[in-house]
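Okay, here's what each chain looks like letter by letter:
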Amino acid sequence: MNQRIWINILLFFVVILLSIVAIFDNENINEELSFLSTIDPNKISKIEIERKNLESLSFSKKNGKWEINFPVKLQANPKRIKSILNLLTAKSYKKLKLNEVDIAQFDLRSPKIILKLDQNNFLFGTTHPIDQKRYVLFNKTIHLIDDYLFHQLMVNVYFFADVKLLPKNLDIISIVSEKNKLQKNNNKWTSSLKNYNEEEIIAIVSKWKNAIALSVEEYKERANLETVSIQALSGEKIDFTIIKTEPLILGREDLGIQYVLSNDDAMQMF
């Protein structure tokens, strides 16, 4: 057998080997593109969280903004909502057909959490004993996904509340406390305290407009609290009670919540 024939045989096996590699690569690609669902998160308008031995939570989207409907009525934190909706595009590392397994072994017969996104139900089971990924039942298939959401869904409702103190684009015209009154007249800011110049006042107002709390808690009523009143050009008036100064905790008695702020923010807001 001459050299040319050996070369042709070698090339033939190389082609076969490359074909096999290509097939496995395609299978890996398909595996990488396997997701929990094909549902568009932007089309979801209602979220319900049913929790075993805990109160249920519900949210709805109105005019593009998410609100908490139960057990309290508050603006929802958009980042928390996004985290929930990211479940729809979570990577599915493994799939098990419901009729081929015993769901009891995955703690799915009586799940601790049922997450409802519109008409779609996601049942959260136990975790894999080795890699700690979470089993989730959806559409008659058990998926194994990264366990990033389960513990978030088990916390109290205030975890999902918006951490921004004031509505977006609120046009503030005055900030009044017992020690100082900042007011805007004829497009010029003034203070009842002589040692504040307009630049400093504008910085304080800007800090209030953009203030974001570290966390939100249930309001704890106390007597004889100092009040800070924010007046807007629209006529809206928002009152905060100073519950604590270190760390700074501002209460919204009307909403039944209180905001915990950082020390840096507290220094720049007064």
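Since the model is a prediction, treat every value here as computed from it, not as a measurement.

J.: Give me the lowdown on the sheet that holds strand β14 (residues 226–232), citing residues and values where you can.
T.: The 8 strands lie next to each other as β12-β11-β10-β14-β15-β16-β17-β13, forming an open sheet whose pairing is antiparallel. Looking along the sheet, the strands with just one partner apiece sit at the ends: β12 (188–191) and β13 (215–218). Sheet twist, expressed as the average angle between the axes of neighbouring strands with direction ignored, equals 25 degrees. Where strand β15 (residues 237–245) lies against strand β16 (residues 248–252), 4 bridges are found, and the strand directions are antiparallel. Note that in β16 the partner of Thr245 across the bridge is Leu248. With respect to the sheet, helix α3 (residues 198–210) is in contact with β10 (172–176), β11 (181–185), β12, β14, β15 and β16, its orientation differing from that of β12 by roughly 95 degrees.

J.: How would you sum up the pattern of salt bridges? Please name residues and give values.
T.: On inspection of all chains with the given rule, the structure shows 10 salt bridges. A salt bridge links Lys116 to Glu50, with the shortest nitrogen-to-oxygen separation between them at 2.8 Å. Residue Lys116 is found in strand β6 (residues 113–117), and its partner Glu50 is found in strand β1 (residues 46–51); the two are separated by 66 residues along the sequence. What makes Lys116 partly exposed here is its relative accessible area of 21%. We classify Glu50 as partly exposed; its relative accessible area is 30%. Ionic pairing is found between Asp254 and Arg252, a salt bridge with its closest N-O pair at 2.7 Å. Classification of Arg252 by relative accessible area gives buried; the value is 9%.

J.: Describe in detail the packing of aromatic side chains, supporting the description with residues and values.
T.: Tallied over the full model, the rule gives 8 aromatic pairs. Consider the rings of Phe159 and Phe160, whose centres lie 5.1 Å apart with planes at 90 degrees: the pair is edge-to-face. Relative to Phe270, the ring of Trp208 lies with its centre 5.8 Å away and its plane at 75 degrees, an arrangement referred to as edge-to-face. Taken as a pair, Trp208 in helix α3 and Phe270 in the segment after α4 (263–269) lie far apart in primary sequence, 62 residues in all. With relative accessibility at 0%, the residue Trp208 sits in the buried group. Within the aromatic cluster, the residues linked to one another by ring pairs are Trp208, Phe240, Tyr259 and Phe270. Between Arg134 and the ring centre of Phe150, over which it is positioned, the NZ or CZ distance is 3.8 Å.

Cut-offs and rules
- Residues numbered from 1 in each chain as written.
- Predicted model: local features only at pLDDT ≥ 70, side-chain atom pairs only at ≥ 80, totals over all residues.
- Heavy atoms only, no water.
- Pairing = 2+ DSSP bridges.
- Helix = DSSP H or I, 4+ residues; strand = E, 2+ residues; numbered from the N terminus.
- Axes fitted to C-alpha atoms, helices over the stretch in contact; angles between N-to-C directions.
- Contact = heavy atoms within 4.5 Å.
- Salt bridge = Lys/Arg side-chain N within 4 Å of Asp/Glu carboxyl O.
- Buried < 20%, exposed > 50% of the residue type's maximum accessible area, 1.4 Å probe, protein only.
- Phe/Tyr/Trp six-rings, centres within 6.5 Å; stacked < 30°, edge-to-face > 60°.
- Lys NZ or Arg CZ within 6 Å of the ring centre and 35° of its normal.

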